Amino acid sequence: MTIVVAYSPDQYGRAALAHGAAEATLRSEGLLVINDTRGDSLVDTRFAHEDEITQVRVRLATLGLRAEVRQEVVRDVAESVVRAATESGASLIVVGVRHRSPVGKALMGSVAQRVILDAPCPVLAVKPDEESDAV
């Protein structure tokens, strides 16, 4: 089986990756890391640079995990994470969650919220540990 991690290159994505890696180790499962973008802005701060993706791959390999990292331009990031979980037969999805204002929720929705509601399997929603954000 596989654990899917919705990854972004920030403290929330790193928290999701750390928890996903721990669960994959505990369960002896593979890890599928999804870092997609809608591609609708010149710079998407949640789309990891090639150097960061290389670092993620190295860290996961060092942990001895079977891991795949996907980066694609998609129409809908939440839908892409849910689709990856469905196609891979995932046992778990891990997402990082952040506080958002009521206006932000109303205008933009939440990738994490949509993943939680639409997922074909359990979802672990995590927030960063204030003392550490490393895998």
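Residues numbered from 1 in each chain as written. Predicted model: local features only at pLDDT ≥ 70, side-chain atom pairs only at ≥ 80, totals over all residues. Heavy atoms only, no water.

### Notes on the pattern of salt bridges
- According to the stated counting rule, one finds seven salt bridges in the structure shown.
- The residue Arg98 makes a salt bridge to Asp10 at a minimum N-O spacing of 3.4 Å. With Arg98 in the loop between strand E4 (92–96) and helix H4 (102–108) and Asp10 in the loop between strand E1 (2–6) and helix H1 (11–27), this residue pair connects regions lying 88 residues apart in the sequence.
- Judged by relative accessible area, Arg98 falls into the partly exposed class, the value being 28%.
- Asp10 gets classed as buried once you look at its relative accessible area, which sits at 16%.
- The partner of Arg75 in a salt bridge is Glu79, and the shortest N-O contact between them spans 3.2 Å.
- Glu79 sits in the partly exposed class, given a relative accessible area of 34%.
- What you see here is one network of salt bridges that share partners, running through Arg75, Glu79 and Arg83. (Salt bridge = Lys/Arg side-chain N within 4 Å of Asp/Glu carboxyl O. Helix = DSSP H or I, 4+ residues; strand = E, 2+ residues; numbered from the N terminus. Buried < 20%, exposed > 50% of the residue type's maximum accessible area, 1.4 Å probe, protein only.)

### Concerning the packing of helix H3 (residues 77–88) against helix H5 (residues 111–118)
- As a packed pair, H3 and H5 sit with axes 8 Å apart at the nearest point and diverge in direction by 35°. Considering how the two elements wind past one another, H3 and H5 form a crossing that is right-handed. The segment H3 lies against H5, with Val77, Ala78, Glu79, Val81 and Val82 engaging Val111, Arg114, Val115 and Asp118.
- Among the residues making up the contact of H3 with H5, the classes are represented as six nonpolar, no polar and three charged. (Axes fitted to C-alpha atoms, helices over the stretch in contact; angles between N-to-C directions. Left-handed = near helix turned anticlockwise from the far one by under 90°. Contact = heavy atoms within 4.5 Å. Nonpolar A, V, L, I, M, F, W, Y, C, P; charged D, E, K, R; others polar.)

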